[in-house]
Structures are given as C-alpha cells and as structure tokens.
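Spelled out from the first residue to the last, the chains are:
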Amino acid sequence: MGHDVDLADVQGNILRGYRKKYVRHLVLSIHDAASARLWLKNASSGDGALAPQVTTAAPWDEKPSTCLNVGLSHRGLRVLGVDAVSLASFPHEFVGGMASRALKLGDVGPSDPSQWKSEWRDPRGVHLVVTVHADDVAQLDDVTERITGPKNSRAFVELARLDGVGFDEGYVHFGYRDNIAEPHFEFIRDPQDRPDCQPLVEVGAVLLGYANPVEDVRWEVPEPRVLGFNGSFNAFRVLEQRVVEFEEFLSEAADTIMSDPLGEELLPLGTENTWQPPVSRREALREMVAAKILGRWRSGVPLELSPLSPTPDPPIDYGRFNAFGFADDPNGLRCPMASHVRRCNPRDGRIVQRNTNHARRLVRRGIPYGPPFNPEAPDDVERGLLGVFLCGSLIAQYEAVQYDWVNLGLQDPRITGTNDPVIGNNDAQFSSFTLPVGDSSIQLRGFPRFVHTRGGEYLFLPSLSALRYLGALGH
C-alpha cells in the first residue's frame with residue numbers, strides 16, 4: 001500500500017519536486033570503485049560532515065538550502081561491483097542503455113546517438129549522474145567541490161557539468177508554462193500541488209515494489225531486494241529546443257491560416273481584440289497555432305477551458321489549470337487529437353489503446369539550460385531542457401509514450417502515422433498537423449523537428465538502503 005512507503009528510504013524529487021531555481025547535473029565516470037563506494041556510503045550515512053547527503057522524501061519542517069540525488073547507469077552498477085546475477089535482473093532496456101534504444105525513442109537523424117555531445121559518447125562511460133539543487137550558484141559550487149574536488153579525485157572523473165536555471169513561473173524556451181500536470185500519488189500529497197481531476201496515481205508508477213496503474217501487474221524488483229526495492233528509473237535527456245525554427249513555423253502557419261477561409265471559423269474575426277492585451281490578427285493566429293499544437297495556451301490555460309482566448313473573462317485561476325478532460329471533445333475541435341498534451345496524457349479521452357489512459361503517467365522534473373531566447377535578437381546559441389522523466393518501467397511507461405503516442409500516434413486512427421508536433425521526430429518532407437475546424441480542417445505541413453536529443457542515459461535511482469548496500473560492496 002502507498003501509505004506504507006518509508007519516505008526516509010526514498011530519494012527525494014521522485015514523489016515531490018524541490019522547486020529550486022538552480023540545478024546542476026554532474027555527469028561522472030567512476031575512476032576507482034572503492035573510493036566511489038565510500039562516497040556513496042558517506043552520502044547516505046546521515047552525516048553531512050562526511051559528504052553532502054542524498055535528500056530523502058521524508059517531510060521537512062524547513063526546506064534545506066540544497067538537495068541532492070544520485071542516479072546510476074547499468075555500467076555504473078557493474079563498475080561498483082554488483083554481481084552478474086543481480087545485474088541481469090534489471091530490465092533489458094536499462095541494461096542496454098538509452099543509446100541502444102534510439103529507434104524506440106525517435107533518436108534518429110540529428111538526434112542519433114552518434115551526434116550526441118561528447119560526454120555521452122565517452123568510452124569511459126557515464127556511470128552516475130549526481131544532481132544538485134540549490135537556491136543560488138554559490139551553493140551549487142560549494143556542493144560540487146565536495147563531490148568532485150581533491151578529496152574525491154580518486155573516485156570520479158567529471159565528464160560534464162550541466163547547469164539549468166528555472167525561469168519565472170515555470171516557463172521554458174518555447175514560451176510555454178511547463179510542469180503543470182504532474183501525477184498526484186495516493187497517500188502522498190504535497191500541499192503545493194494544484195487540484196487535478198485525474199485519478200490519484202499508485203506509487204508503483206515510479207517506485208519499485210508497489211502496485212502500479214497497470215491492473216494486476218507489478219514491475220519486477222531487481223535482485224537483491226535491498227538493491228531494487230524503493231528504487232526508480234530516470235530517463236535523463238538533454239533536449240535542445242530549436243526556438244528560432246519554432247517561431248518561424250508559427251509565423252508561416254499564421255500566414256497559411258490567414259489565406260484560408262476556414263481561418264475565420266477557427267478564430268472568429270475580432271476575437272483578438274478581446275484579448276488582454278489586444279493583439280494583431282496575425283499575432284493572434286500565431287498564438288492560436290502555438291496553443292493548438294501543445295493543447296494549452298503558452299500561459300498554461302487549457303484549450304478545453306478556453307478555446308478562443310489565452311486571457312478569458314472571467315480569468316481561469318492557476319489552480320484550475322488541470323480541471324479538465326477530453327471526453328467531451330471527441331473530435332478535437334477545442335484541443336486537437338494530435339496536440340502534445342493530448343498525446344502524452346490522454347486523460348479521460350477515448351483512445352484505441354484502452355485502459356492505458358492513466359497507466360503511463362510520468363514524473364517530469366525538467367529545467368531549462370542556456371540563455372533565454374530574445375525574439376528581437378534571434379541567435380543560434382544552444383538552449384533547451386535538461387529532462388528528468390521518472391517511472392517504474394522505462395519500457396512500459398517512458399518508451400511507450402515516446403514510441404506509441406509521441407512518434408506513432410496510436411491513440412486514434414485519425415492521427416496514426418504522424419508525430420507529436422512539438423517534440424516528435426518530424427521531417428519537413430512528411431510532417432503534418434491537422435487543425436479540426438467544424439466539419440473540415442486546416443492542414444499544416446512541412447515543419448522540421450523542433451527538439452534534438454543531445455545526449456542522455458537511463459539511470460537507476462536507488463533507495464537510501466540500496467546506496468548503503470552499494471557502499472558496503474567489497475567488504
């Protein structure tokens with residue numbers, strides 16, 4: 001049962017977010033296994049004098065200034081000394097690693113692993129990613145020094161440090177407000193969570209050893225139980241967001257709609273004058289396209305609750321941003337079937353793959369990297385999202401979403417064969433997006449891929465007991 005979870009044994013950030021402005025992911029290779037095991041032992045000891053401590057999910061009276069998590073690759077577990085029987089008990093997609101799953105994930109063309117950043121192709125291998133969350137950069141630097149500084153120079157080789165900075169109100173580079181819809185877990189409720197009309201989610205969706213949203217199924221716990229129980233998997237992704245191309249697409253799409261008679265039915269003339277502030281017809285259509293391909297206005301207001309305006313009157317309170325479903329919009333007239341949010345979280349909508357509507361929920365802890373985009377001075381500086389996607393089964397949750405829903409559109413035969421317009425593996429020769437308008441539709445075609453994978457790895461987030469177990473190997 002979810003209420004039996006020992007929160008002090010679970011790594012923090014799995015069941016609730018830290019909501020820190022600064023994040024640093026230290027991509028590390030193990031240089032000396034004994035020294036690395038000692039660091040894991042010290043980091044899970046409860047003694048902050050020995051090492052920065054891994055943050056747990058136990059409630060706190062006062063939020064700590066820094067939080068820390070540890071994820072290990074399958075190769076990292078092997079280097080630490082985990083035996084062959086135990087290594088073989090992990091799911092095969094984790095054993096193979098993210099790069100081996102490129103076709104399932106849509107990592108082809110510019111996202112092919114051969115094009116990834118050097119740290120993800122380093123022959124020494126990514127063995128662990130240590131993530132530090134902090135209120136300011138000085139705190140990040142202090143904790144980083146305690147992990148990769150002279151004291152631990154034998155333990156790790158630093159392959160990369162990936163810094164992310166949260167934008168105000170949760171916006172990301174594409175201009176959307178992100179991380180609005182996160183699973184709410186049975187018996188575990190963060191008082192800062194927004195109300196949500198979706199069902200509560202079993203903790204087994206992200207923690208091994210518990211019932212999960214797939215009826216009568218439990219994800220297998222790797223052996224020995226002390227290593228696998230209360231653990232979670234993380235699909236860690238470095239996702240470059242091609243903002244210039246994205247904004248150009250919105251302009252081209254707006255021009256297409258302005259020349260189409262159906263455009264006046266999609267957004268009745270003069271509606272843009274009721275927005276706050278009022279905008280030009282072309283700008284309104286740009287924002288309408290941005291909303292239709294995502295499923296929300298860039299402010300986060302759901303299309304299902306406000307199909308014609310990002311600033312409805314009366315306003316929709318932020319607390320109601322998840323108070324909607326798709327059952328009453330079967331043809332996608334308000335929120336298109338092919339939109340990003342409807343693909344990735346079908347809610348109560350009717351889909352072909354019955355009983356999977358709520359079975360593939362993921363916990364997302366992404367944060368932007370790179371400088372904010374200035375539309376007045378477009379540049380080619382790399383920017384994107386450091387994505388953390390947590391689940392109990394990589395193949396049945398994360399990969400199923402990416403393969404079945406994002407890049408195949410198996411939810412509904414009307415979108416099958418198309419890709420997610422925002423994050424999908426689109427090719428300008430074949431890409432298309434359908435905007436239903438009454439009994440007809442407007443077709444948008446010829447847009448490129450807007451998100452390129454620049455690296456990543458499948459990681460296992462062990463429990464605190466498991467970290468201590470790993471720290472004791474060899475003794």
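A few points on the structure. Along each chain, the written sequence defines residue order, and numbers are assigned to residues from 1. Totals for whole chains, interfaces and linings use all residues, but because this is a predicted model, local features are given only for residues with pLDDT of at least 70 and pairs of side-chain atoms are given and counted only at 80 or more. No hydrogens and no water enter the side-chain calculation; it runs on all heavy atoms of the structure.

1. Considerations on the overall build of the protein
Point 1. For the purposes of this entry, the term helix denotes a DSSP run of H or I that reaches at least four residues, the term strand denotes a run of E that reaches at least two, and both are numbered from the N terminus. Along the protein, the regular secondary structure elements total 13 helices and 11 strands.
Point 2. The C-alpha radius of gyration computed for the protein amounts to 23 Å, which stays within 12% of the reference 23 Å derived for 475 residues, consistent with globular compactness.
Point 3. Seen through its C-alpha atoms, the protein measures out along the principal axes to roughly 75 × 50 × 45 Å.
Point 4. Should any heavy atoms of two residues lie within 4.5 Å, those residues are considered in contact. Expressed as a percentage of contacts within the protein between residues at least 6 apart in sequence, the contacts between residues at least 24 apart total 71%.
Point 5. For the protein, the exposed surface amounts to about 19600 Å²; the carbon and sulfur share of it is 52%.
Point 6. Looking at charge distribution, the protein has the averaged site of its 49 positive side-chain charges lying 3 Å from that of its 62 negative ones. Put simply, the radius of gyration uses C-alpha atoms, and a globule should come to 2.2 Å times the residue count raised to 0.38. Values of accessible area rely on a 1.4 Å probe in the Shrake-Rupley scheme; residue burial ignores everything except the protein chains shown. The charged-residue count follows a simple rule in which Lys and Arg add positive charge and Asp and Glu add negative charge, with His and chain termini not counted at all. One atom stands in for each charge, and that atom is NZ of Lys, CZ of Arg, CG of Asp or CD of Glu.

2. A short note on unusual backbone geometry
Point 1. In this model, glutamate 223 is joined to proline 224 through a cis peptide bond whose omega is -15°.
Point 2. At the junction of aspartate 313 and proline 314, the peptide bond is cis and its omega measures out at 5° in the coordinates.
Point 3. Within the secondary structure, proline 314 is located in the loop between α10 (281–294) and α11 (340–344).
Point 4. Unlike most non-glycine residues, asparagine 230 shows phi in positive territory, near 70°.

3. Things to note about the nonpolar core
Side chains of a nonpolar character, in soluble globular proteins, are inclined to be buried together.
Point 1. Take the buried residues of types Ala, Val, Leu, Ile, Met, Phe, Trp, Tyr and Cys, join any two whose side-chain atoms come within 4.5 Å, and each joined set is a nonpolar core. A 1.4 Å probe rolled over the protein chains alone gives each residue an accessible area, and that area as a share of the maximum for its type sets the label: buried under 20%, exposed over 50%, partly exposed in between. Of all hydrophobic cores here, the largest spans 131 residues; its most connected members are Trp39, Leu68, Val70, Val130, Ile147, Phe249 and Leu470.
Point 2. Filtering out sequence-adjacent residues up to four positions away, valine 130 remains in contact with Arg24, His25, Leu26, Leu28, Trp39, Leu68, Asn69, Val70 and Ile147.

4. Describing empty space enclosed by the protein
Point 1. Buriedness of a pocket was judged along seven lines, with at least five required to meet protein on both sides within 12 Å; pockets are open sets of points on a 1 Å grid over the protein atoms alone, cavities are sets where a 1.4 Å probe fits but cannot get out, and lining residues have an atom within 4 Å of a point. Grid points are joined across faces, edges and corners, and a volume is the space filled by probe spheres set on the points. What the rule picks out here adds up to 3 cavities of 30 Å³ or more.
Point 2. Empty space within the largest cavity amounts to approximately 850 Å³.
Point 3. Those elements that provide at least two residues to the lining of the largest cavity are β5 (232–241), α11, β8 (384–391), α12 (394–406) and β11 (451–461).
Point 4. Grouping the amino acids of the lining of the largest cavity by side-chain chemistry returns 22 nonpolar, 9 polar and 11 charged. Gly counts as polar in this scheme, as do all residues outside two lists: the nonpolar Ala, Val, Leu, Ile, Met, Phe, Trp, Tyr, Cys and Pro, and the charged Asp, Glu, Lys and Arg.

5. Considering the pattern of salt bridges
Point 1. The term salt bridge refers to a side-chain nitrogen of Lys or Arg lying within 4 Å of a carboxyl oxygen of Asp or Glu. Throughout the structure, instances matching the rule amount to 29 salt bridges.
Point 2. Ionic pairing is found between glutamate 240 and arginine 454, a salt bridge with its closest N-O pair at 3.6 Å. You can see glutamate 240 sitting in strand β5 and its partner arginine 454 sitting in strand β11, a full 214 residues away along the chain. Considered together, glutamate 240 and arginine 454 belong to a single accessibility category, that of buried residues.
Point 3. We note a salt bridge from arginine 242 to glutamate 245, for which the minimum N-O separation is 3.1 Å.
Point 4. Residue class for glutamate 245 comes out partly exposed when judged on its relative accessible area of 26%.

6. Some thoughts on the side chain of lysine 292
Point 1. As for its position among the elements, lysine 292 is in helix α10.
Point 2. No salt bridge is formed by the buried lysine 292. Its closest oppositely charged neighbour is aspartate 329, at 7.0 Å.
Point 3. Of note is the side chain of lysine 292, whose polar atom sits 2.9 Å from the backbone oxygen of arginine 334. Think of a polar contact as two N or O atoms within 3.5 Å of one another; within protein, one of them needs to be a possible hydrogen donor and the other a possible acceptor, and neighboring residues in sequence only count if both atoms come from side chains.

7. Some words on the packing of aromatic side chains
Point 1. Two rings from Phe, Tyr or Trp (for Trp, the six-membered ring) form a pair when their centres are within 6.5 Å of each other. A pair whose planes differ by under 30 degrees is stacked, one over 60 is edge-to-face, and the rest are tilted. With the rule as written, the count across this model stands at 19 aromatic pairs.
Point 2. With a centroid separation of 5.8 Å and 40° between ring planes, the pair formed by tryptophan 120 and phenylalanine 236 is classed as tilted. One end of the pair, tryptophan 120, is in the loop between α5 (102–105) and β3 (128–134); the other, phenylalanine 236, is in strand β5, and 116 residues separate them in sequence.
Point 3. Residue tryptophan 120 is classed as buried on the basis of its relative accessible area of 10%.
Point 4. Phenylalanine 236 sits in the buried class, given a relative accessible area of 1%.
Point 5. Ring geometry for tyrosine 318 and phenylalanine 321: centres 5.0 Å apart, planes at 80°, overall edge-to-face.
Point 6. Take tyrosine 318: its relative accessible area is 28%, and that puts it in the partly exposed class.

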